[in-house]
Structure formats: structure tokens, C-alpha cells
Amino acid sequence: MQRSLSFPLFTALSLGLAWALRGHFGHEYGAAWAGAMGVMALLLLSKRRDWWQKWPLTALVGGIGWGVGGMMSYGLLVGYGRAGDAGNAYYGLAMLLVVGALYGFIGGGFMALILETTRERKPDWATLLTQMTAGALLFWYVLIAQFEIRMTPPRSELWAACLGAAVALAWYLHRSGFQRSLYVAVTTALGAGFGFGFGNFLQTVGAASGIHFNWWNVMEFTLGFCGGLGLSYGVSRHAWPETTETAPRTNLLALVLLLLPLTLINMLEAFD
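Treat the numbers as computed from the prediction; the structure is a model and nothing was measured.

Trainee: Give a description of the overall build of the protein that names residues and reports values.
Mentor: Within the protein, the secondary structure is distributed over twelve helices and zero strands. For the protein, whose C-alpha radius of gyration is 18 Å, the value lies close to the compact-globule estimate of 19 Å for 272 residues. Taken along its principal axes, the extent of the C-alpha atoms in the protein is 55 × 45 × 40 Å. Residue burial in the protein is summarised as follows: out of 272 residues, 51% are buried. In the protein, the share of contacts with a sequence separation of at least 24, taken over all contacts with a separation of at least 6, comes to 78%. Approximately 12,800 Å² of the protein is accessible, and the part contributed by carbon and sulfur atoms is 69%. Here the protein carries 16 positive and 13 negative side-chain charges, and the mean point of each set is 9 Å from the other.

See the structure below:
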């Protein structure tokens, strides 16, 4: 599936700008909204009528995948990345790479699963979500409660839960033969992970320059932009099968969820 340069750029710019806006209200719902914007941009330029037919469902599921990572705390990591010594700075940048990769892996994998759904092969969402929940609980219990491998003390350590969910997703995609979805999940993870670490570097350099600018949103934009590049690259590298049509009622419900509760919650988060 080869596309012109406008395909990755439009996707990357859309996800980057949405993620920068998401920086004002944050958390799970903000990440879901930004992820949905990136998915819709990708679908718009895909030239696939079967994908256009189910865009509300694809955007909602892809947005939910990106939103899962919104539970992770990374404010302290940004601080580490701006430290004056190399050890703390490298630690902050490396851990931001991990956090960004977890955002992208689940977001990219969820979206691609909808695109890879055919009449002959459909994902078992009940099994997948159950395994991801079990993986999240197991990894958090082992890494945090037992071994106390903490990334952002004293703040939330739900990165471990996201890691467990991502591992369960990867194993499910591999075991069930959804190789395209696994590839997209990996490329999106690489893009978003690099984007988060590099974005924090840009934020640090910008703040040190003395130029008055919203450097925090530069970091957020870079995460979304690079994540969008990884997402579009992963999709463009494969020939995708003809996907199944989505029932009109399903599309309508997905559209309602995208436009009403998700938008309303983010508006309430953004204003006081």
C-alpha cells in the first residue's frame, strides 16, 4: 500500500496538533480524543472505501487504544529529562521513550485490528480485553508491589499496568496471526517513543534558550507527530484485505460516543 508524501504528513500533523491541544486537558479522555483525530486523518487519505464505511468505529477503537496510556504519570520524567547532570537526564529521556512507546503500541494495534478484520478472520475482543486486563494486573503486582521497580515515585506507577496490557496485546496479535496489526503497533510505538524523548529534549533546549514560548506543547506535538509518522508508515507498508462492513447502528453508536461524551468530558477538563 504505497501513498504519496501527503499521507504520512497529514496523519502526523493531525495527530501532532491534536496531541498538543490534548496537553491542555490531558489524561485518558484527552489521549483518546487526540488518537481518534489521528486515526480519522489516516482514514481520510487512505482511498479505501471499505475503511471510510466504518470510520466512526475505527476512530473510536483507535482512540480508546491511545487513551489507555493516558493513565500513566510522566510529569516527573519530564523533570528528570531537564536535569543538570547526565545520569538523571538520560533516565528521564529513556523512560519517556518507554511511556511514549506504550501509548503508540496499544493505540496503533487497536486501530489496525479493525482494519484487518475480515469475514474469514475476526478478533475475539472479549478474549483480548480479558487477557490485557490480566496482563495489566499481573505486571503491576509483580513489578510494583513485589519487586518495587518504580519509575515515577511517589506518583502513580500505572506504566507497569500498561506494559502488561501491551505485552498481552502483542502475544494475542502474534498468536492469532494478525501480523499486519502487530507491525503497525511496533512502528507506532517506535515513532511515539522517539517523539516523546526527543520532544522533551526540544523542550529543554527551548527553555534554556530563554525564548518565551510554550515549549511543553512542543514536546506534546513532537510525540503526536512522530507517533503519526509511525502509524502511517506501518499501515502503508502492507497490502490490506477487504475489511467487513460495519452495521449502521454500530457506526451510529460509535459516532455518538465520539461526539458527545468524549468531547463533553474534554471540554469540562479544559475549562474551570
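Now, onward.
Trainee: Report on the packing of helix H6 (residues 86-115) against helix H9 (residues 179-209), specifying residues and quantitative values.
Mentor: Running from amino to carboxyl end, H6 crosses H9 at an angle of 150°, the nearest separation of the two axes being 6 Å. Note on packing geometry: the crossing formed by H6 with H9 is right-handed. Tallied by class, the residues present in the contact of H6 with H9 amount to 17 nonpolar, nine polar and no charged.

Trainee: So what's going on with the packing of aromatic side chains? Which residues, and what values?
Mentor: Applying the stated criterion across every chain, the model contains twelve aromatic pairs. Taking the centre distance of 6.5 Å and the plane angle of 20° together, the rings of Tyr74 and Trp216 count as stacked. With a gap of 142 residues between them, Tyr74 in the loop between helix H4 (55-68) and helix H5 (75-81) and Trp216 in helix H10 (residues 215-236) connect regions that are remote in the sequence. Taking the relative accessible area as the measure of exposure, Tyr74 reaches 10% and is therefore buried. Residue classification places Trp216 among the partly exposed positions, given a relative accessible area of 30%. Ring centres 5.3 Å apart and planes at 65° place the aromatic pair Phe213 and Trp215 in the edge-to-face group. In textbook terms, an aromatic cluster arises when at least three aromatic residues are bridged by ring pairs, as seen for Trp19, Trp66 and Tyr103. The ring of Phe178 carries Arg121 above its face, with NZ or CZ at 4.7 Å from the centroid.

Trainee: Can you tell me about H10, naming the residues and giving the values?
Mentor: With 22 residues, H10 extends 31 Å from end C-alpha to end C-alpha; this agrees with the ideal 32 Å at 1.5 Å per step. Burial runs high along H10: 17 of the 22 residues are buried.

Trainee: How would you summarise the environment of Met37 if you had to cite specific residues and measurements?
Mentor: Checked against the element boundaries, Met37 lands in helix H2 (residues 27-44). A sequence separation of 26 residues divides Met37 from Thr11, and the C-alpha atoms of the two residues are 8.8 Å apart. In contact with Met37, other than residues within four places in its own chain, are Ser14 and Ala18.

Trainee: Report on the packing of helix H1 (residues 6-22) against H2, specifying residues and quantitative values.
Mentor: It is at 8 Å that the axes of H1 and H2 come closest, and there the two elements cross at 160°. Taken together, H1 and H2 sit at an angle that is classed as roughly antiparallel. Judged by the sense of rotation from one axis to the other, the crossing of H1 with H2 is right-handed. Along its contact with H1, which presents Phe7, Phe10, Thr11, Ser14, Leu15, Ala18, Trp19, Leu21 and Arg22, the element H2 presents His27, Gly30, Ala31, Trp33, Ala34, Gly35, Met37, Gly38, Ala41, Leu42 and Leu44. Classifying every residue of the contact of H1 with H2 by side-chain character gives 13 nonpolar, six polar and one charged.

Calculation criteria
Residues numbered from 1 in each chain as written. Predicted model: local features only at pLDDT ≥ 70, side-chain atom pairs only at ≥ 80, totals over all residues. Heavy atoms only, no water. Helix = DSSP H or I, 4+ residues; strand = E, 2+ residues; numbered from the N terminus. Rg over C-alpha atoms; globule rule 2.2 N^0.38 Å. Buried < 20%, exposed > 50% of the residue type's maximum accessible area, 1.4 Å probe, protein only. Contact = heavy atoms within 4.5 Å. Areas by Shrake-Rupley, 256 points an atom, 1.4 Å probe, with all protein chains shown as cover. Lys, Arg positive; Asp, Glu negative; His and termini not counted. Charge placed at Lys NZ, Arg CZ, Asp CG, Glu CD. Axes fitted to C-alpha atoms, helices over the stretch in contact; angles between N-to-C directions. Left-handed = near helix turned anticlockwise from the far one by under 90°. Nonpolar A, V, L, I, M, F, W, Y, C, P; charged D, E, K, R; others polar. Phe/Tyr/Trp six-rings, centres within 6.5 Å; stacked < 30°, edge-to-face > 60°. Lys NZ or Arg CZ within 6 Å of the ring centre and 35° of its normal. Expected span 1.5 Å × (residues − 1). Parallel < 35°, antiparallel > 145°, perpendicular 65-115°, else oblique.

These figures come from the coordinates and say nothing about function on their own.
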